[in-house]
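Read off the chains here:
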Amino acid sequence: MARTRKPVVEVRRSQRRRRTVSAYREGERVVVLIPDRFSRAEETEWVARMLARLAAREERVRHTDNELLGRAHKLIARYLSDHARDVNPVSVRWVTNQNGRWGSCTPDDGTIRISHRIQEMPDWVIDYVLLHELAHLVVPSHNAAFWELVSRYPKAERARGYLEGISAATGLVLAD
Ligand SMILES: [Zn+2]
């Protein structure tokens, strides 16, 4: 029977913390920060609680990444079916470390990253950003052939306007 491996937990006590407990992954370990005044029993209780919470959070992220990949495949089927052989993304993920870009892709390994900043935007905008990156798997640069692919998406112009509006409002300069 398969058993899930228990993560190595490092508990760090902080004098400055009063009530807040937090946990995050650091390499192979999980670091749990607790207030110094916690008893051993409270420590045990909170470590278990935070591990469960962390696992739930990671499961949620996996779920939404899978959703994103599923969406990418739907867009390929609908708009890029004539290039299906070239457009074969191996991973499509939400990322939080992408400053100044809505999305990016690496044609060499077929990976696509989408900024978490568009997560709350309408679906048709997210689809545009996805399709834009998928089209880059066929044509890496922003040339006429590229825009022909993107323009197959009926709301492409509208989505570009939407994103430009947000860029203008937030003062962000977005590369893509
Ligand atoms: Zn682009």
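Within each chain, residues carry numbers counting from 1 in the order of the written sequence. The predicted nature of this model means local features are confined to residues of pLDDT at least 70 and side-chain atom pairs, given and counted, to a pLDDT of 80 or more, with totals for whole chains, interfaces and linings taken over all residues. Hydrogens and water are ignored here; the side-chain numbers use all heavy atoms of the structure.

A. Fine view of the overall build of the protein chain. Helix and strand assignments follow DSSP, with helices taken as H or I runs no shorter than four residues and strands as E runs no shorter than two, numbered in order from the N terminus. Along the protein chain, the regular secondary structure elements total four helices and six strands. What you see in the protein chain, going N to C, is helices and strands ordered as β-β-β-α-β-β-β-α-α-α. Each radius of gyration reported is based on C-alpha atoms, and the globular scaling rule is 2.2 Å times the count of residues to the power 0.38. On C-alpha atoms alone, the protein chain measures out to a radius of gyration of 21 Å, which is more than a quarter above the 16 Å that the 2.2 N^0.38 rule sets for 176 residues. Seen through its principal axes, the protein chain has C-alpha atoms that stretch 65 × 50 × 25 Å. Exposure is judged per residue with a 1.4 Å probe applied to protein chains only, and the accessible area is read against the type maximum: over 50% gives exposed, under 20% gives buried, and values in between give partly exposed. Looking at the protein chain as a whole, 38% of its 176 residues qualify as buried. If you sum the accessible surface of the protein chain, you get close to 11200 Å²; carbon and sulfur atoms cover 50% of it. In summary, the charge assignment counts Lys and Arg as positive and Asp and Glu as negative, without counting His or the chain termini. Lys charges are placed at NZ, Arg charges at CZ, Asp charges at CG and Glu charges at CD. Charge separation in the protein chain, taken as the distance between the mean sites of 30 positive and 23 negative side-chain charges, equals 8 Å. In these tables, accessible area is a Shrake-Rupley quantity obtained with a 1.4 Å probe, and a residue counts as shielded only by the protein chains included in the view.

B. Region of the structure containing the sheet that holds strand β1 (residues 8-14). With mixed pairing, the three strands of this open sheet are ordered in space as β1-β3-β2. Strands at the two margins of the open sheet, each flanked by one partner only, are β1 and β2 (22-26). For this sheet, the mean angle separating the axes of adjacent strands, direction not counted, is 25 degrees. A pair of strands is considered paired only if DSSP assigns at least 2 bridges between the two. Pairing analysis gives seven bridges linking β1 to strand β3 (residues 29-35), with the strands arranged parallel. Residue pairing for β3: Ser-14 is matched across the bridge by Pro-35. Note on geometry: axes are C-alpha line fits, over the in-contact stretch for helices, and angles between N-to-C directions span 0 to 180 degrees.

C. Up close: the sheet that holds strand β4 (residues 91-95). Spatially, three strands are ordered β4-β6-β5 in an open sheet, and the strand pairing comes out mixed. Taken across any chain shown, the strands that pair with only one partner, and hence form the sheet edges, are β4 and β5 (103-106). Looking at each pair of strands side by side, their axes are set apart by 20 degrees on average, direction ignored. Bridge analysis of β5 against strand β6 (residues 111-115) gives four bridges, and the strand direction is antiparallel.

D. Representation of the packing of aromatic side chains. Centre distance within 6.5 Å is the pairing criterion for rings of Phe, Tyr and Trp, where only the six-membered ring of Trp is used; planes under 30 degrees apart are then read as stacked, over 60 as edge-to-face, and the remainder as tilted. Using the criterion set out here, one finds four aromatic pairs in the structure. Taking 5.6 Å as the distance between ring centres and 75 degrees as the angle between the ring planes, the aromatic pair formed by Trp-124 and Tyr-162 counts as edge-to-face. Placement of Trp-124 in helix α2 (residues 123-136) and of Tyr-162 in helix α4 (residues 156-170) is noted, with a sequence separation of 38 residues between them. Relative accessible area serves as the criterion here: at 18%, Trp-124 is assigned to the buried category. Measuring from ring centre to ring centre gives 4.9 Å for Phe-146 and Trp-147, while their planes differ by 80 degrees; the resulting arrangement is edge-to-face. A relative accessible area of 0% places Phe-146 in the buried class. Only Lys NZ and Arg CZ are tested; either one counts as a charge over a ring when it is within 6 Å of the ring centre and within 35 degrees of the ring normal. The ring of Trp-46 carries Arg-49 above its face, with NZ or CZ at 4.3 Å from the centroid. In this arrangement the basic side chain of Arg-158 is found over the ring face of Trp-124, its NZ or CZ atom lying 4.3 Å from the centre.

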